[in-house]
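One-letter residues, chain by chain:
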Amino acid sequence: MPAATTQSERPAAAPVRRGWRERWLAFRNGTVASPAFQRWAAGFPLTRGIARRNTRALFDLCAGFVYAQVLFACVRLDLFRLLQPGPLAPEVIARRLDLPPERALTLLKAAASLDLLTRLPDGRFGLADLGAAMIGNPSIAAMVEHHSMLYADLADPVALLRDKPDRTRLSAYWPYAGGGAEVAADSVAAYSGLMAASQAMIAGDVLDALLLSDRACLMDIGGGEGVFLFEAARRHPHLTLKLLDLPPVAERARARFESAGFGSRVTCHGGSFREGILPNGADAISLVRVVHDHDDSVVEPLLRAVHAALPPGGLVAIAEPMAGTSGAEPIGDAYFGFYLMAMGSGRPRTAAELSAMLLEAGFTDIRERPTRRPLLAKLITAKRT
Ligand SMILES: C[S@@+](CC[C@H](N)C(=O)[O-])C[C@H]1O[C@@H](n2cnc3c(N)ncnc32)[C@H](O)[C@@H]1O
């Protein structure tokens, strides 16, 4: 044990040498924090634009919850579908939504300010780009509804950061987040439906970027109700398919494939990938929106098991939203970072982190493949040599 030292005996701390970048940051932050500078910058022609953009960005951060609740109200009231046939006058909308006219107008104006609706010169309201996009993607509405649980879990974000609560609304919603092998059939229906609805958007983007024409059998691990495999089957009629998911989810997938007449082309395996052994026979394995749900202690053995299940030359594909995606940084680090923390399992990873994990598991030829909408899913492939 080292002898205790007194204050006077301690060697003087070496002066911290700050690089130019740190000194510049300190100077800039000190300047920007000054109310006098802010006032000046908001008026000076060369800085006015930056000052306004920063003020707006900070206000948007403060108001984000309110914007989300405006969207939530539109979804709950089914406002976008009401306006799908064409614009309506505010009084008509108020009657149809059973809202007092002045409250309906507050909602309509709020939605118009957020580019969900547009106000025509005659005073009627119709769909704007974002509202129309909501019609085309019903899974976004399902996600908006689902967010009421996330917001409840985030009501005290500091408490969430300090202690890992035993149970949150999201950990109950995603029963596998707790790591238990047993999940009841009735506990998977809600999340499997939500995933199946949103998978339609992802599958097309991922399969556009994933070369499967030289593969014979694709296994989708954590494949949910099979929506990704349905699309793979449609595009690649020569492929046989396997799906692995927890038993009640695999059963839902099996029922879907059976009613679609897939016969022996697809096999659904009910089991847990945490057991370390995966079904053999596939020369391509996909993990779509699966890896980010799990801690490193689960993902590392999972990737080793994927490696072991593939033949030489076998292909693995990881597709999910990734941290550090250019232009979508808050989606990875802020949204998924806090979502997964509330769920109690997993973390958003960068493409570089996933690539390092693949390398560690024994894979080679690790490549990032560009996808159409990287903020929804990026794709990394690798091979077993
Ligand atoms: C976020 S969902 C993604 C589903 C699907 N891949 C998609 O993108 O729509 C994660 C899936 O992994 C499955 N899963 C979670 N833990 C698992 C485990 N230990 N073994 C097998 N599947 C598991 C879940 O049941 C769920 O279907």
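Residues numbered from 1 in each chain as written. Predicted model: local features only at pLDDT ≥ 70, side-chain atom pairs only at ≥ 80, totals over all residues.

- You'll find the protein entered in an unreviewed UniProt entry as Demethylspheroidene O-methyltransferase, with Methylorubrum salsuginis given as the organism.

1. Details of the sheet that holds strand E6 (residues 284-288)
Link 1 in the chain: Within the open sheet, the seven strands sit side by side as E5-E4-E3-E6-E7-E9-E8. Their pairing is mixed. The strands lining the two open edges of the sheet, one partner per strand, are strand E5 (266-270) and strand E8 (364-369). Going across the sheet, the axis of each strand differs from the next one's by a mean of 15°, ignoring polarity.
Link 2 in the chain: Looking at chain direction, E8 and strand E9 (residues 378-383) are connected through four bridges and run antiparallel. By the bridge assignment for E9, Thr364 is matched with Lys383. (Pairing = 2+ DSSP bridges. Helix = DSSP H or I, 4+ residues; strand = E, 2+ residues; numbered from the N terminus. Axes fitted to C-alpha atoms, helices over the stretch in contact; angles between N-to-C directions.)

2. Overview of the site of the ligand
Link 1 in the chain: Among the 18 residues in the neighbourhood of the ligand, the closest are listed as Met195, Gln199, Gly222, Gly224 and Arg289.
Link 2 in the chain: Broken down by secondary-structure element, the contributors of at least two residues to the shell around the ligand are helix H11 (185-209) and strand E4 (240-245).
Link 3 in the chain: Along the lines of polarity and charge, the residues of the shell around the ligand split into nine nonpolar, five polar and four charged. (Near = placed C-beta within 6 Å. Nonpolar A, V, L, I, M, F, W, Y, C, P; charged D, E, K, R; others polar.)

3. Overview of the pairing of E4
Link 1 in the chain: Along E4, five of the six residues are buried, which leaves the element largely enclosed by surrounding structure.
Link 2 in the chain: Summarising the sheet, strand E3 (residues 217-221) and E4 pair through five bridges and their orientation is parallel. Looking across to E4, one finds that Cys217 is bridged to Thr240.
Link 3 in the chain: Viewed along the sheet, the connection from E3 through helix H12 (residues 227-235) into E4 turns out right-handed.
Link 4 in the chain: With five bridges connecting them, E4 and E5 associate as parallel partners. (Buried ≥ 20, exposed ≤ 12 C-beta atoms within 10 Å, placed from the backbone. Right-handed = clockwise from strand over helix to strand, strands pointing away.)

4. Observations regarding the nonpolar core
Link 1 in the chain: Counting residues in hydrophobic clusters, the biggest one holds 65 residues, and the most contacted among them are Val206, Ile285 and Val316.
Link 2 in the chain: If near-sequence neighbours (up to four positions away) are discounted, Val206 is found in contact with Val288, Ala319, Thr371, Ala377 and Leu379.
Link 3 in the chain: Leu71, Leu83, Ala104 and Phe125 belong to the second-largest nonpolar core, a separate cluster that totals 17 residues. (Core = buried A, V, L, I, M, F, W, Y, C linked by C-beta atoms within 7 Å. Contact = placed C-beta atoms within 7 Å.)

5. Considerations on the packing of helix H2 (residues 35-43) against helix H3 (residues 45-76)
A pair of packed helices is captured by two measures, namely the crossing angle of their axes and the spacing between those axes.
Link 1 in the chain: The contact between H2 and H3 brings their axes to 5 Å, and the two run at 110°. By the angle between their directions, the pair H2 and H3 is classed as roughly perpendicular. Where H2 approaches H3, its residues Gln38, Ala41, Ala42 and Gly43 are matched on the opposing element by Thr47, Arg48 and Ala51.
Link 2 in the chain: Tallied by class, the residues present in the contact of H2 with H3 amount to three nonpolar, three polar and one charged. (Parallel < 35°, antiparallel > 145°, perpendicular 65-115°, else oblique.)

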